[in-house]
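# Examination of the molecular architecture
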Amino acid sequence: MRTFLYSGLGTVLVAGAVLAPGNIATAAESPDISVTNTKAHLDQFQSIATGNGGNRAAGRPGYKASADWVKAKLDAAGYTTTLQSFPTWAGTSYNVIAEWPHGDANHVVMAGSHLDSVSAGPGINDNGSGSAGVLETALAYAASGQTPRNRLRFGFWGAEELGLVGSRYYVNNLPTAERDKLKLYLNFDMIASPNPGYFVYDDNPAGNGARDDLVAYFTQQNVQTEFIDVQGRSDHAAFRALGIPTAGTFAGAEETKTSAQAAKWGGTAGQAFDRCYHRSCDTISNLDLTSLDHQIDAIGHMIWTYTQKDYTAS
Ligand code: PHE
Ligand code: CA
Ligand code: ZN
Ligand code: ZN
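Note that the structure is predicted; figures quoted are calculated from it, not measured.

Rules and cut-offs
- Residues numbered from 1 in each chain as written.
- Chains lettered and ligands numbered in written order.
- Predicted model: local features only at pLDDT ≥ 70, side-chain atom pairs only at ≥ 80, totals over all residues.
- Heavy atoms only, no water.
- Salt bridge = Lys/Arg side-chain N within 4 Å of Asp/Glu carboxyl O.
- Helix = DSSP H or I, 4+ residues; strand = E, 2+ residues; numbered from the N terminus.
- Buried < 20%, exposed > 50% of the residue type's maximum accessible area, 1.4 Å probe, protein only.
- Near = heavy atom within 4 Å.
- Polar contact = N/O pair within 3.5 Å; in protein donor to acceptor, adjacent residues only side chain to side chain.
- Areas by Shrake-Rupley, 256 points an atom, 1.4 Å probe, with all protein chains shown as cover.
- Nonpolar A, V, L, I, M, F, W, Y, C, P; charged D, E, K, R; others polar.
- Disulfide = S-S within 2.5 Å.
- Donors = N, O, S within 2.8 Å, 3.2 Å for Na, K, Ca; no water.
- Tetrahedral: all angles 85-135°; square planar, octahedral: opposite > 155°, others 65-115°.
- Pairing = 2+ DSSP bridges.
- Axes fitted to C-alpha atoms, helices over the stretch in contact; angles between N-to-C directions.
- Contact = heavy atoms within 4.5 Å.
- Phe/Tyr/Trp six-rings, centres within 6.5 Å; stacked < 30°, edge-to-face > 60°.
- Core = buried A, V, L, I, M, F, W, Y, C linked by side-chain atoms within 4.5 Å.

## Notes on the pattern of salt bridges
- Taken as a whole and judged by the stated rule, the model has 12 salt bridges.
- Arg151 is the salt-bridge partner of Glu99, the closest N and O atoms lying 2.8 Å from each other. A residue pair is termed long-range when its members are at least 10 positions apart, and Glu99 in strand E4 (residues 93-99) and Arg151 in strand E6 (residues 150-157) qualify at 52 residues.
- Taking relative accessible area as the criterion, Arg151 reaches 15% and is therefore assigned buried.

## Examining the site of ligand 1
- Taken together, His114, Asp126, Glu160, Glu161, Asp189, Met190, Val230, Arg233, Ser234, Phe250, Tyr277 and His278 make up all the residues around ligand 1.
- One nitrogen or oxygen atom from the side chain of His114 is found 3.2 Å from an oxygen atom belonging to ligand 1.
- Between an oxygen atom of ligand 1 and a side-chain N or O atom of Tyr277, the distance comes to 2.6 Å.
- Protein burial of ligand 1: of its 320 Å² of free accessible surface, 97% is covered by the chains.
- Here the shell around ligand 1 is built from residues that sort into 4 nonpolar, 3 polar and 5 charged.

## A short note on unusual backbone geometry
- Put simply, Asp126 and Asn127 share a cis peptide bond, and its omega is 0°.
- The topology assignment puts Asn127 in helix H3 (residues 124-144).
- Phi is positive for Gln231, which is not a glycine, with a value near 55°.
- Mapping Gln231 onto the fold places it in the loop between strand E9 (226-228) and helix H7 (236-241).
- Of note in this structure, His278 is not a glycine but carries a positive phi near 60°.
- Mapped onto the secondary structure, His278 falls in the loop between helix H8 (259-265) and helix H9 (289-307).

## Notes on the state of the cysteines
- By the definition in use, this model includes 1 disulfide.
- Between Cys276 and Cys281 runs a disulfide, and the two sulfur atoms are separated by 2.1 Å. The chirality of the disulfide connecting Cys276 with Cys281 is left-handed, given an S-S dihedral of about -110°.
- Since its relative accessible area comes to 13%, Cys276 is described here as buried.

## Examining the coordination of the zinc ion (ligand 3)
- Looking at the zinc ion (ligand 3), the protein donor atoms are Asp126 (OD), Glu161 (OE), Glu161 (OE) and His278 (NE2), and they sit 1.9 to 2.6 Å from it.
- Around the zinc ion (ligand 3), the 6 donor atoms are arranged such that angles at the metal cover 55 to 153°; this shape is classified as irregular.
- Linear spacing of the donor residues for the zinc ion (ligand 3) on their chain is D-x34-E-x116-H.
- A distance of 3.4 Å spans the gap from the zinc ion (ligand 3) to the zinc ion (ligand 4), which Asp126 bridges by coordinating each metal. With Glu161 in the loop between E6 and helix H4 (165-172) and His278 in the loop between H8 and H9, the pair connects residues that are 117 residues apart, well separated along the chain.

## Here's the deal with the pairing of E4
- Of all the 7 residues making up E4, 7 are buried; the element is thus mostly covered by neighbouring parts of the structure.
- Residues Ser93, Asn95, Ile97 and Glu99 line one face of E4 and the alternating positions Tyr94, Val96 and Ala98 line the opposite face, and both faces are buried.
- Where strand E3 (residues 80-86) and E4 come together, 7 bridges link them in antiparallel fashion. Its bridge partner being in E4, Thr82 is matched across the sheet by Ile97.
- The hairpin turn running from E3 into E4, its antiparallel successor, is 6 residues long, and Gly91 in that turn takes a positive phi close to 115°.

## Looking at the sheet that holds E3
- Taken together, 8 strands build an open sheet; the order of strands is E3-E4-E6-E5-E7-E10-E8-E9 and the sheet is mixed. The open sheet has two edge strands with one neighbour each: E3 and E9. When strand polarity is set aside, the average angle formed by the axes of neighbouring strands in this sheet is 20°.
- Sitting on the sheet, H4 is in contact with E3, E4, strand E5 (104-114) and E6, with an inclination near 110° to E3.

## Examining the packing of aromatic side chains
- Summed over all chains, the structure comprises 16 aromatic pairs.
- Geometrically, the ring pair formed by Phe45 and Trp69 is edge-to-face, given 5.7 Å between the ring centres and 80° between the ring planes. You can see Phe45 sitting in helix H1 (residues 35-50) and its partner Trp69 sitting in helix H2 (residues 61-76), a full 24 residues away along the chain. Trp69 matches Phe45 in its accessibility class, with the two residues each being buried.

## Some details on the nonpolar core
- Judged by nonpolar contacts, the single largest core of 63 residues is most densely connected at Val70, Leu74, Tyr79, Phe154, Phe156, Leu186 and Ile303.
- Considering each element in turn, this core owes the most residues, 9 residues, to H3.
- Those residues in contact with Leu186 that sit more than four places away from it in its chain are Met110, Ala111, Gly112, Ala210, Ala247, Met302 and Ile303.
- With 12 residues, the next largest nonpolar core counts Met110, Leu182, Tyr185 and Ala238 among its residues.

This is the structure in structure tokens:
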């Protein structure tokens, strides 16, 4: 949550105190992604669900309304967006893909989250949280005025809850030359669980560098982490299967928090990380905003860092 600066217009201060010229922080300085703005996106997902039968599930009107709303926000910020449709047993669904049209298109850094809920409820933690956090990071990047070295792309996946359908469709329909340009995929699924843990995916050796950067970031924020083998239970699985480096974070779902975990993270031992996982009570009340803020700042840290990484030697 450090102050960040961007260069290119002389000394431009985004937040905080004035620095002397020549003392400009690098573009990889970590941004403070706004939890207020991220919460406002979650309020929007809740109201979309409320207005559409109580959910945002694949094949239901609340999903398409979510996708249209996210796409419009990204369009307004200057992203090049695509609504990619694909078939599911529940009907047509959609991925929203957004690319920042600057930086080296041969080196693509990507972050994503699934935008659909289960049909039982509005899916605010699963996965409004990841979607709102990735969206807010994308909007903050666009507003930062930075000159990216690499190409940034964001994916909002449909029909994850039907079996990772949208992310698999996206990856399987990427031409080989496009797959080769993907240098990193970061996944965020359930990042504001009300009895939160701080888990970092540990299921793809190709992504160990990014995994370790996530751990180091949380450590610097005085947040302890645990590795978790998520067993391909989210949308990074399709990218991992192609040998692309992947990493991600997770605040916990139906599993029970142990007393050792409660000692390091607070919250309630013997209770699920998210008691409303896949239930109708996964509403706007089913969030831990402190956890959300740590998590979105970690997303920002990774995006700011990897957008500037030099991939030309590899
Ligand atoms: N993908 C699971 C779901 O949406 C949740 C999950 C996320 C599980 C990350 C493990 C790791 O229901
Ligand atoms: Ca923040
Ligand atoms: Zn789910
Ligand atoms: Zn999920």
